[in-house]
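The chain contents come next:
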Amino acid sequence: MTNRTLQFKIYRYDPDRDDAPRMQDYSVEVNPVTDRKLLDVLVKLKSQDDSLSFRRSCREGICGSDAMNINGKNGLACLTEVSTLKSPVVLRPLPGLPVIRDLIVDMTQFFKQYHSIKPYLINDTPPPERERLQSPEDREELNGLYECILCACCSTACPSFWWNPDRFVGPAGLLNAYRFIADTRDQATSERLDDLNDPYRLFRCHTIMNCVDVCPKGLNPTKAIGKIKELMVRRAI
Amino acid sequence: MSYSNIAVRKFDAVIVGAGGAGLRAAIQLSESGLKVAVLSKVFPTRSHTVAAQGGVSASLGNSEPDHWTWHMYDTVKGSDWLGDQDAIEFMCRKAPEVVVELEHFGMPFDRTDEGKIYQRPFGGHMSNFGEKPVRRACAAADRTGHAMLHALYQRNVRARTQFFVEWMALDLIRDAEGHVLGVSALEMETGEVSIFHAKATIFATGGAGRIFASSTNAFINTGDGLGMAARAGIPLEDMEFWQFHPTGVAGAGVLITEGVRGEGGILRNASGERFMERYAPNAKDLASRDVVSRAMTTEINEGRGCGPNKDFVLLDITHLPPETIMKRLPGIREISIQFAGVDPIKAPIPVVPTCHYQMGGIPTNYKGQVVVPVGDEPNVPVPGFYAAGECACASVHGANRLGTNSLLDLLVFGKASGETVVEDLKQMPAEHRSLPADAIERTRERLERLDARSGGESEYETRLALQRVMQAHCGVFRFKDKLAEGVEKILEVEQRVGKVAIKDKSKVWNTARVEALELDNLIEVAKATMISANARLESRGAHVRDDAPDTAERPNGRNDTEWLKHTLWSRDGNSLAYKPVKLEPLTVESIALKTRSY
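No experiment lies behind these values; they were computed from the predicted model shown.

Novice: A description of the overall build of chain B should follow, citing residues and the corresponding values.
Specialist: Across its full length, chain B carries 16 helices and 20 strands. For 598 residues, the compact-globule estimate of 2.2 N^0.38 gives 25 Å, and chain B sits close to it at 23 Å. Along the first, second and third principal axes, the C-alpha atoms of chain B reach 65 × 50 × 50 Å. In chain B, which comprises 598 residues, the proportion classed as buried is 68%. Of the contacts formed within chain B by residues at least 6 apart in sequence, a portion of 75% connects residues at least 24 apart. By element, 49% of the accessible surface of chain B is carried by carbon and sulfur atoms, the whole surface being about 18,900 Å². One finds the centroid of the 70 positive side-chain charges in chain B at a distance of 3 Å from the centroid of its 77 negative side-chain charges.

Following this line, the structure appears as structure tokens:
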């Protein structure tokens, strides 16, 4: 396998230096063996231009740091196969959140929505001496929910979240809300449903399904949102 | 940039690091009503605990009989008797309590048919003092660390813990009497520096696996706590002991959990042979990690490796039912497809031993207090300073850590350090001790150096050089000459580190500056490792050298007469000192020295 040259157009903005954002062109020699993932190439680019800023940590798709908009679609740089990318590769920060610098966005609003759903187990009975029991079947209900890595690919791909990031919980927050609703050990289902029964918090989801399309962990927030809606209907009748 | 107007923020306690240990400590402090600040370079759920896969050990006995004394025996044996038996007893006794607590916090453990926490076999976990494998690893599929880190963060959200996210702690602040008074820290978004002035400082900064070229560790694992401690005159303990995990994906370094072998996976060489039967007839593929890594390296060195370059072996689970793989090892399947290009249901995974875990660290006792030698007393607490998790050395892992004992370490010692701080603060005056006039000097000097220098060594190239020296001179097998040469080379790298220049001078989210500051920490860890390894003239656990071979007189090359002791490396003059291993547990009888075999 031989090296190939890949062109990049990367969103650059440093408020300390730039008046306005710009797209910067880069050209990089890609080694198909050592530069398999987009993150490998970004690290290489950074070794040539140390001002290029992006978040990264685990480089294996579990920490959720390196979410960005890659050729128009949100994804994790560390899980994006370079060979699948069309040249020039256009990299932008996640859409819909304020840019701090280059590919780094301000995630305050995203986490605020996550925190708003009370993302912790609520069970006010005195904790037993041993574990609370849960059948394997009940535990399985949490699959496809607890694996969320809070990378924000989904929420920042959601037009409803772009329009109302302060009022719509967004797909990531709602997926996590359902993670606790679905947990047989959690006793706050009714309060959780009350909290979400709001024209904005839950019902801004118009099943556009961008969230499902971009989730790097293959999760399905739309389905979780559907289940919350279903529980609300069932509760009403 | 000027660093003259430094904000001072006052807290009862400051915790540096928001991985498993930091978050567990934070719960203890926040729920006690203390004013606590938790600093983290990354959003808490991005800490490297998130990448742990296989499980957390506790003798719950949910599937078959188990006992904490068996767990203790396995841990002491795993440590090759270098672990302190008081701390090991403490950890193994506490394990069921902290794991059950974690379940109560909401951790989505897998379940047995009875609804209890699911437990799987793991390397070195045996019943009845080494007899046969036992199911002790409590698991959430193969995403235990992720599930645990999120559950701990969520509990902190409930406790309204105050986080300082994307703040990098830079230096430890001590006064003339040696009391620790907090840290200086950089807010990445603004480039501003603050002093976090605290009565108690807990380091939970994780490991430094990034000193090696091939590592399962995240980019952020740069040993910041160790660097800060070393610069502030705290010695580092047992830094020669690094765990090479048997199964990192060949080429990529990404971890494949030992839980794969716990679920029945088998290691094979080029001829398809299950070679572990020759090295560990009893435990086979589930022998301790150091043993398996050496066996794999021997297979590769002797020409029985796989692939065109014969440079890896295969981890085979193709004989397992696909349902088991999908249910118990779904994350591994994803990783194999992503990083090895193989679906493990259909084909075996190419793996190599990969640097994974640092057994040594900042010396502590089992309460989480940082301890240093004073006069004849080897373990005197440093007032106001605590450490827990991978950055600390309690020492529960000794010369080799058992799989799943790391997540347990985070829970037990995260909690214990929090509890100790709560108690110690009751004895302290209500007022904070005054900050010394030079509190920010070291930090200022480091930052101004980077701001001022326009040309010099590239941070990237220098870091690579450091990693290559460590990899070539201090790997799975160690050689007398290579180690001696390694010491020279790493001291040369240190010279380069002192000349690193960055081009980016921006205040805002300057990752070049952060990486250069991290390199200051990596070099301290690298020196401590190489110099300690060069000096330890025996083989023990993960430290195996050619001039201390397996002989009848000294099985496995271990030399208890001269080397049953902890190393203490000090930055000042790269000097070494030693202190005794604590062979006395807290309540039970000492586990007597024995030759280690699996």
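From this point, the discussion proceeds with the structure in view.
Novice: Give a detailed account of the domain arrangement of chain A, specifying residues and quantitative values.
Specialist: Residues and elements named next belong to chain A. If you check the domain split of chain A, you get domain 1 (4-105) and domain 2 (107-236). Summarising the inter-unit geometry, the C-alpha centres of domain 1 and domain 2 are found 29 Å apart. Taken together, the 16 residues of domain 1 in the interface contact 15 residues of domain 2. Together, the buried faces of domain 1 and domain 2 total about 1,200 Å²; carbon and sulfur atoms form 66% of this surface. In terms of surface lost to domain 2, no three residues of domain 1 exceed K73, N74 and L97, which account for 36% of the buried area on that side. Remark: the boundary between domain 1 and domain 2 carries 1 salt bridge. One salt bridge in this structure joins K73 and D213, with 3.9 Å as the shortest N-O distance. Across the domain 1-domain 2 interface, the total number found is 4 residue pairs in polar contact (both at pLDDT 80 or more). Sorting elements by how many residues they give to the side of domain 1 that touches domain 2 places strand β4 (residues 73-76) first, with 4 residues. Split into classes, the residues belonging to the side of domain 1 that touches domain 2 amount to 9 nonpolar, 5 polar and 2 charged.

Novice: Pulling in residues and values, what's your account of the UniProt feature "domain: FAD-dependent oxidoreductase 2 FAD-binding" (unreviewed entry) in chain B?
Specialist: Those places that UniProt annotates as "domain: FAD-dependent oxidoreductase 2 FAD-binding" (unreviewed entry) correspond, in this numbering, to residues 12-407 of chain B. A helix fraction of 28% and a strand fraction of 27% characterise residues 12-407 of chain B, whose end C-alpha atoms lie 27 Å from each other.

Novice: For the nonpolar core, give the residues involved together with the corresponding values.
Specialist: Most often, soluble globular proteins keep nonpolar side chains buried together rather than apart. Core analysis: the largest hydrophobic core is formed by 176 residues, its most contacted members being F8, L42, L91, L196 and I228 of chain A together with V99 of chain B. Looking at which element gives the most residues to this core, the answer is helix α3 (residues 85-105) of chain B, with 11 residues. V382, V497, L522 and A533 of chain B belong to the second-largest nonpolar core, a separate cluster that totals 81 residues.

Novice: Give me the domain arrangement of chain B: which residues, what numbers.
Specialist: All names here are of chain B. Structurally, chain B comprises domain 1 (7-241 + 359-427), domain 2 (248-354) and domain 3 (441-552). A C-alpha centroid distance of 28 Å is found between domain 1 and domain 2. Taken together, the contacts link 25 residues of domain 1 with 23 residues of domain 2. For domain 1, the biggest contributors to the area lost against domain 2 are Q53, D142 and T216; these three give 28% of the whole. Counting across the domain 1 and domain 2 interface gives 3 salt bridges. Among the ionic pairs, R328 bridges to D110, the shortest N-O distance being 3.1 Å. Our count for the contact surface shared by domain 1 and domain 2 stands at 14 residue pairs in polar contact (both at pLDDT 80 or more). At 6 residues, strand β4 (residues 119-127) tops the list of elements feeding residues into the side of domain 1 that touches domain 2.

About the cut-offs
- Position numbers for residues count from 1 along each chain, tracking the sequence in the order it is written.
- Following the order in which they are written, the chains are lettered starting with A and the ligands numbered starting with 1.
- With pLDDT at 70 or above as the cut-off, local features in this predicted model cover only qualifying residues; side-chain atom pairs require 80 or more to be listed or tallied, and sums for whole chains, interfaces and linings still use all residues.
- As a convention, hydrogens and water are excluded, and side-chain values are obtained from all of the structure's heavy atoms.
- Under the DSSP-based scheme used, a helix requires at least four consecutive residues in state H or I and a strand at least two consecutive residues in state E, with every element numbered from the N terminus.
- Each radius of gyration is computed over the set of C-alpha atoms, and the globule rule expresses the reference value as 2.2 Å times the number of residues to the power 0.38.
- We call a residue buried when its accessible area falls under 20% of the maximum for its residue type, exposed when it is over 50%, and partly exposed in between, using a 1.4 Å probe and counting protein chains only.
- In this description, contact between two residues means that some pair of their heavy atoms is separated by no more than 4.5 Å.
- Using the Shrake-Rupley algorithm and a 1.4 Å probe, accessible areas are obtained, with residue cover drawn only from the displayed protein chains.
- The charge count includes Lys and Arg as positive and Asp and Glu as negative, but it does not include His or the ends of the chains.
- Just so you know, the charge point we use is NZ for Lys, CZ for Arg, CG for Asp and CD for Glu.
- Domain segmentation is taken from an automatic or database assignment of domains.
- Buried surface area refers to the total accessible area, computed with a probe of radius 1.4 Å, that the two partners give up upon joining, counted for both partners together.
- What counts as a salt bridge is simple: a side-chain nitrogen of Lys or Arg found within 4 Å of a carboxyl oxygen of Asp or Glu.
- For the purposes of these results, a polar contact is taken to be a pair of N or O atoms within 3.5 Å, where, inside protein, one atom must be able to donate a hydrogen and its partner to accept one; residues adjacent in sequence count only when each atom of the pair is a side-chain atom.
- Residues are grouped as follows: nonpolar covers Ala, Val, Leu, Ile, Met, Phe, Trp, Tyr, Cys and Pro; charged covers Asp, Glu, Lys and Arg; every other residue, Gly included, is treated as polar.
- UniProt positions are given in the numbering used here, feature names are shortened, and annotations may be inferred rather than shown by experiment.
- To form a nonpolar core, buried Ala, Val, Leu, Ile, Met, Phe, Trp, Tyr and Cys residues must be joined to one another through side-chain atoms within 4.5 Å.

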